[in-house]
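Letter by letter, the chains look like this.
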Amino acid sequence: MKTLKKLSLLDLVKKNSVPLLFLILGLLGWMASGQPLPMLLQEVIYRLSRNLILVLSLIVPITAGMGLNFALVIGAMAGQFGLVFIKALNMGGVGGVGMSMLFALPLAILFGIGCGAILNRAKGKEMITGLILGFFANGLYQLVLLAGVGTIIPIKNPEIVLAAGVGLRNSMELNLINYSLDRLIPFKVIINNWPVWVPIATFMLIGLIAFAIHFLQRTKLGQNFRAVGQDKHISEVAGIHVDRTRMIAMIISTVLAAWGQIIFMQNIGKMQTYFSHEQVGLFSAAAILIGGATITKANFGNAIVGTLLFHLLFIVSPLAGKNLFGDAQIGEYFRSFIAYGVIAVAIVMYAMKKARADKAESADSMVE
Amino acid sequence: MTMQNPLKLVGKAWAGSVDRFGYPKVIIFLFLILLSVLAIGQGQSMPGFIKDTLLRTSMIGVLTLAMVPGIVSGIGLNFGVSIGILAGLLAGCIGVEAGWKGVGGLFLTILVAIPLSTIVGMAYGWLLNKVKGDEMTVSTYIGFSMVSLMCIFWLILPFKSPTMIWAIGGKGLRNTIALDNTFGQVMDKALHLNFFGQQLPIGSLLWFGFLCLMMWLFLRTKLGVTMSAAGDNPRFAAAIGINVDRQRMLGTTLSTVLGAVGMLSYAHGYGFFQLYVGPLYMPFIPVAAILIGGATMRRVTISHVISGTILMQALLIIALPVISKLVPDGAFSEVIRIIVSNGVILYALTRSGGNK
Amino acid sequence: MEKVLEMRQISKDYSGNKVLKGVNLSVRAGEIHALVGENGAGKSTLMNVLFGMPVIHSTGGYQGDILINGAVTEIKSPKVAMDCGIGMVHQEFMLLPNFTVAENIKLNREPLKDNPLSKIAGSSLKTVDRAKMVSDSRKALDSLGIGIDDGALVSGMPVGHMQFVEIAREIDKENLKVLVFDEPTAVLTESEADVLLDAVKRLAARGIGILFITHRLDEVFTVADSITVLRDGEQIASMARKDTTIVEIAKLMVGHTVEACERCGNKTDENTPLAISMKNFSVAMPGERVRGLNLDVRKGEIIGIGGLAGQGKIGVANGLMGMFPAQGEVLLHGEPLKLNDPLGSIQRKMAFVSEDRRGVGLLLDVSIETNIVIAAMQVWNRYLNPFLGLRMTDQKAIRAHALEMIKLFDIRCIGPGQHTRRLSGGNQQKVCIARALALDPTVLLVSEPTRGIDIGAKKLVLDFLVKLNEEQGMTIVITSSELAELRSVCDRIAIVYGGKTMGIYKPDDPDEVFGLAMAGTDPEIGRGK
């Protein structure tokens, strides 16, 4: 008994008001920046290809009712361990990328189990706990790479290890794998005499991962994610292992984040050993929200549109800031305000809705 | 038998102290003792440590105190104290611009900070009343976004004082603003004590002590008791005629005002303002300190404030030279700060169980 | 017909407190068996045993045998119960709002089909077979004779439909032998309830044994084939419906022999001035809704408010005190009372001892002395001591008053500084009463005064209330689930049913009067039958 709803324009605008707002903002910013189209296009395409897996990794925990996974940084750390691994062995090319993903996999699973266990102890406070967990893990990560390398972990490669033989250098060249996946299938479009590279292979990998998530959502496990995401108690009564389901969601998210970070670094070509992962959670969360997702609902469309719009804004704001206010810094601060602000607004809206629902439950209308 | 007894005793003492003070405090205390022993073994200057610890305590102390009204009124750990911190910074800039100097200048600045932080604190309190149950997540991100929003304002605010704007080129206020010509450490210059060649910051310690005493008194007034009841059990409070939302708003505002005063006290001891992203992670320091002191998300006393601040600062101060002597390379003290402070917060978040 | 379920000599105790005493119960295929009893009669415990709930097994299990289709079965967990073919329609719905009807019916029992990956990675990666999910659900819904759209989301559905989704979920389980309905009509409108009762009959006709838990005796006599009455954990009677009457069942349900309260009932009459007068009084207290109730409380009496759980008796006092949104016309000592204003109610000299002692009644991590004085401090500015212009608490006066109360009530504690969390239930209740008295009330509202406290403390609390009434002339409103307790101390007893006053009775009225009134049948009509 499905009636086709008339798609009124107003409804469409209302439903997509957040992405539309950012589309307008991005376009205005682009006009102000005066950036040539091909350059912008290249940047947007690269940023889409290198960020999308990280953003996709947020979907499963949102479905499972755990909110925005700010512990994404922990997955990114696993990815960076993978990169350190291939760097230590001097592996390169697509094989190197593959090896680092393979090496990061067990680590990410392990980290995911840890995150899941901790978040299961903090039900209802997953987001703040995930954030703090990310900070905490960052401390451990630095400890391991500063004190563990050269002592417990036998890495000798002087290119990445500090002169004293202990601890990793601050930055790490990844030229051996730079663009190795992006340009595996070389393809470029010439626009106004500008070559615009399209990373076909990377997009194929993203497509594969998206398909895997889509497949997962249609399985029994996916159904369990949705059930647990709606109501832990009812799911438990129905016999679903709530804690285990939530843990699996975290593992999937962490593994995808690890791989996402590797793909990201593959495109950038240089890793800031101690900082490259820090903003991963912030930017990915902001992106998916700008795409129209909420704390409780997210899909592929949100991820793709959001990544596109967020990074469009990201690219144009410094130049726009410079042209409009005579200072590129304003644009930079503006974009980080957008990132934090959009998350804050989403969380406030979610919390208000929840608080209102609680109140309504305790005092629904007097008249029945 | 004879072997078991001392072990049992240790076990009993352990269980007893953990029960009384909580894991974080006991573990940090033991860790501190270990580091102190190492430091003495290494021949480090203990009076120096003591002076640094007291100085840092007097700097952070008021911010830690700002956590108290938040916990008491029931909003939990105020991760959004950065809103107060920003108000304090803005008042500070106004003070520097006006050229206020000395102890009088400092207190004049605080007088400016109070109405500023009251206004934003009330708005913030109003918002927190709309998001009951998720205060901590909300306040963290509200704090983050306010800090990044203020970054833009620091660039465009029309301050003119040469100590605050760039000498050549550059736009807006500097990242770091020195206070040595205005009110940096003025209380300690006025009042200090020599201790084995170290100058102890008596002036600012007295200031911290005075505010602690005020808070202690406040908690024993009718209003303090009312606020505690509202935070401890909102349904009980409502049943005896307390307007819970008003108490929470009051607590949040008080916390924000103390955050502003705390920021100025911090800058006073430090001798600098740090603008832009400087305040971004600042709330995590007092949050960790008060948890180390033994507070929970629902209960706190003034002794938690004092002991937590001292313990945390002592640990960080003593860890730096001791560890850098053990492992010469690397930024370990920062790593320890990250692990300790976030570890303590994480412990508090997971300990109170899954529900609610 | 064969017995699908038989429970033999089921007993259960919680740390020595016997809540089920050798109950026998059997349900035949196609039979509708009603289980009736007051709150606390043991109905829920019996059902928890039947479902193997963790609360039973974590407290030492049960004694007796459960036979399914004649074979002794040990039901260790809800999963086992389900596998044995026992289903339950819960009082609170176990439905996910953003799942479709079909998804809810098949929750965690989704039909699955293989895919290449699931063969390697296990069954949790099997694809959910949506087509079969819909067709199965359709079948279950159709067999109930209900035209609910299987693709619709549950959120926003009328309550009656939700209940049918719940039922459809149970009958979709292929091996279903016994279906338990727990107060199924409590949330339904009258016409919805009729549809439901029809469906229940239809299910029975298919050979499913039905266990029907309810307090609505008229319903029992409409659908049930046989009736079992529980009281205080004992099986009082089991009989066929045709062999009994509604009056007899009502009498059996209440059935306490009460010593006549000699001093009761003579203090007041129609001419006594009113302390409280409620007209068309409604309170939106979830689960205890008051719907347009009329009730007068006479000055200087002890009035009891009784009734079954969920009928609204608890809501009355909560509404008067502004704890939940209320509307209607209330006069206190002849003057209108401003509703929804807790402070105002206290200032008008009403004091309240809440039924939710630990949730509303106490600050658990605060000292006894603060708990006792805090309300008086808050409302009347007592126990304060000006200091430098601040209203500081007067620790000396607080301590003195607390010690006096501890002595008066015999509160067993380490000292006035002890936190209330570790006190026993009885001592906690005494602290609550002490706090209410510190407010100097003229009207005292006490809800569930003896719930969860030991016998000695029970007597002390009730005696004290009587003493307050007799010596100080204080008007006292006691709300209680324990009818016997009300009959032993009250001058008059109002029974609340469906959020309204069913009637006001004398404590020495016959048992069946109370039984019928509590079950929603006017005793005059019920007895007239």
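Here, the structure is the one placed above.
Residues numbered from 1 in each chain as written. Chains lettered and ligands numbered in written order. Predicted model: local features only at pLDDT ≥ 70, side-chain atom pairs only at ≥ 80, totals over all residues. Heavy atoms only, no water.

Attention now moves to the overall build of chain B. Check the secondary structure of chain B and you find 15 helices and four strands. Over its C-alpha trace chain B gives a radius of gyration of 21 Å, about what one expects of a compact globule, namely 21 Å for 356 residues. Dimensions of chain B, computed from the C-alpha atoms along their principal axes, are close to 75 × 60 × 35 Å. Scored against the burial criterion, the 356 residues of chain B give a buried share of 56%. In chain B, once contacts between residues fewer than 6 apart in sequence are set aside, the share between residues at least 24 apart is 77%. As displayed, chain B has an accessible area near 14,500 Å², and 69% of this comes from carbon and sulfur atoms. Between the centroid of the 24 positive side chains of chain B and the centroid of its 11 negative side chains there is a distance of 7 Å. (Helix = DSSP H or I, 4+ residues; strand = E, 2+ residues; numbered from the N terminus. Rg over C-alpha atoms; globule rule 2.2 N^0.38 Å. Buried < 20%, exposed > 50% of the residue type's maximum accessible area, 1.4 Å probe, protein only. Contact = heavy atoms within 4.5 Å. Areas by Shrake-Rupley, 256 points an atom, 1.4 Å probe, with all protein chains shown as cover. Lys, Arg positive; Asp, Glu negative; His and termini not counted. Charge placed at Lys NZ, Arg CZ, Asp CG, Glu CD.)

On the surface, Lys297(A), Lys353(A), Arg356(A), Lys359(A) and Lys130(B) cluster together to form a positively charged patch. In terms of residues, the positive patch owes the most to one element, helix α14 (residues 328-362) of chain A, which gives three residues. Summarising the element assignment, Lys353(A) is placed in helix α14. For Lys353(A), a relative accessible area of 59% corresponds to the exposed category. (Patch = residues over 30% accessible without salt bridge, like charges linked within 9 Å, V, L, I, M, F, W, Y side chains within 5 Å. Salt bridge = Lys/Arg side-chain N within 4 Å of Asp/Glu carboxyl O.)

Below, the discussion takes up the interface of chain A and chain B. Contacts between the two partners involve 42 residues from chain A, matched on the other side by 44 residues from chain B. Summed over both sides, the interface of chain A with chain B buries roughly 3,800 Å², with 75% coming from carbon and sulfur. One can count one salt bridge joining chain A with chain B. Linking Lys354(A) and Asp134(B) is a salt bridge whose minimum nitrogen-to-oxygen distance equals 2.9 Å. Here chain A and chain B share three residue pairs in polar contact (both at pLDDT 80 or more) between them. Looking at the side of chain A that touches chain B residue by residue, the classes come out as 30 nonpolar, seven polar and five charged. (Buried area = accessible area lost by both parts, 1.4 Å probe. Polar contact = N/O pair within 3.5 Å; in protein donor to acceptor, adjacent residues only side chain to side chain. Nonpolar A, V, L, I, M, F, W, Y, C, P; charged D, E, K, R; others polar.)

As a further point, take the interface of chain A and chain C. Between chain A and chain C, the residue contacts involve 25 residues of the former and 33 residues of the latter. Of the charged contacts in the structure, one is a salt bridge between Lys220(A) and Glu110(C), with a shortest N-O distance of 2.6 Å. Our enumeration of links across chain A and chain C arrives at eleven residue pairs in polar contact (both at pLDDT 80 or more). Sort the elements by how many residues they give to the side of chain A that touches chain C and helix α9 (residues 220-230) of chain A lands first, with seven residues. Classifying every residue of the side of chain A that touches chain C gives ten nonpolar, eight polar and seven charged.

Okay, the packing of helix α3 (residues 46-65) of chain B against helix α14 (residues 302-326) of chain B next. All names here are of chain B. Across the interface, α3 lies against α14 with an axial gap of 8 Å and an inter-helix angle of 135°. As judged from the angle between their axes, α3 and α14 are oblique. Judged by the sense of rotation from one axis to the other, the crossing of α3 with α14 is right-handed. Contacts from Met 46, Phe 49, Asp 52, Thr 53, Arg 56, Thr 57, Ile 60, Gly 61, Thr 64 and Leu 65 of α3 reach α14 at Ile 302, Val 305, Thr 309, Ile 310, Gln 313, Ala 314, Ile 317, Ile 318 and Pro 321. (Axes fitted to C-alpha atoms, helices over the stretch in contact; angles between N-to-C directions. Parallel < 35°, antiparallel > 145°, perpendicular 65-115°, else oblique. Left-handed = near helix turned anticlockwise from the far one by under 90°.)

This part takes up the sheet that holds strand β15 (residues 302-306) of chain C. Two pairing modes exist for strands in a sheet, parallel and antiparallel, and in both the strands are linked by backbone hydrogen bonds. Residues and elements named next belong to chain C. An order of β18-β21-β22-β15-β23-β24 is seen for the six strands of this open sheet, with the pairing classed as mixed. Edge positions in the sheet fall to β18 (350-353) and β24 (500-505), since each of these pairs with one other strand and no more. If you compare each strand with its neighbour and ignore which way they point, the axes differ by 20° on average. With five bridges connecting them, strand β21 (residues 443-447) and strand β22 (residues 475-479) associate as parallel partners. What sits directly across from Val 443, in β22, is Thr 475. Contacts from helix α19 (residues 511-518) reach β23 (492-497) and β24 within the one sheet, and its direction differs from that of β23 by about 30°. (Pairing = 2+ DSSP bridges.)

Turning our eyes to something else, we now look at a negative patch on the surface. Residue and element names in this part refer to chain C. Residues Glu 190, Asp 194, Asp 198 and Asp 218 make up a contiguous surface patch of negative charge. If one sorts the elements of the negative patch by residue count, helix α8 (residues 190-205) sits on top with three residues. Residue placement: Asp 194 occurs in helix α8.

To continue, consider unusual backbone geometry. Residue and element names in this part refer to chain A. Of note, Tyr 179 is a non-glycine position whose phi angle comes to about 65°, a positive value. As for its placement among the helices and strands, Tyr 179 is situated in the loop between β1 (171-173) and β2 (188-191). The partly exposed category is assigned to Tyr 179, whose relative accessible area is 25%. Unlike most non-glycine residues, Asn 192 shows phi in positive territory, near 50°. For Asn 192, the location among the structural elements is in the loop between β2 and β3 (194-197). The class of Asn 192 is exposed, set by a relative accessible area of 61%.

Let us now look at empty space enclosed by the protein. The gaps of empty space that remain are located by a probe, the size of a water molecule, rolled over the atoms. By the definition in use, this model includes three cavities of 30 Å³ or more. Here the largest cavity is characterised by a volume of approximately 110 Å³. Along its surface, the largest cavity is lined by Ala239(B), Ile240(B), Met321(C), Ile346(C), Ala351(C), Phe352(C), Ser354(C), Val360(C), Gly361(C), Arg435(C) and Leu439(C). Those elements giving two or more residues to the lining of the largest cavity turn out to be β18 and α13 (357-361) of chain C. Taken together, the residues that form the lining of the largest cavity break down as eight nonpolar, two polar and one charged. (1 Å grid on protein atoms, 1.4 Å probe; cavity = no way out; pocket = protein on both sides within 12 Å on 5 of 7 lines; lining within 4 Å. Points joined across faces, edges and corners; volume = space filled by probe spheres on them.)

Let us now look at helix α5 (residues 72-88) of chain A. Residues and elements named next belong to chain A. Here α5 contains 17 residues, and its C-alpha end-to-end distance of 25 Å stays within 8% of the 24 Å for a straight helix at 1.5 Å per residue. Among the 17 residues that make up α5, 15 are buried, leaving the element largely enclosed by the rest of the structure. At the exit of α5 stands Asn 90, carrying a positive phi of roughly 55°. (Expected span 1.5 Å × (residues − 1).)

With that settled, consider the pattern of salt bridges. Residues and elements named next belong to chain C. For the structure on display, the rule yields 39 salt bridges over all chains. With its nearest N and O atoms 2.9 Å apart, the salt bridge here joins Arg 421 to Asp 365. A residue pair is termed long-range when its members are at least 10 positions apart, and Arg 421 in the loop between α15 (395-409) and α16 (425-437) and Asp 365 in the loop between α13 and α14 (368-380) qualify at 56 residues. Salt-bridge contacts for Asp 410 lead to Arg 412; the nearest nitrogen and oxygen are separated by 2.8 Å. Members of the salt-bridge network, linked through shared partners, are Lys 106, Arg 109, Lys 132, Asp 136 and Asp 172.

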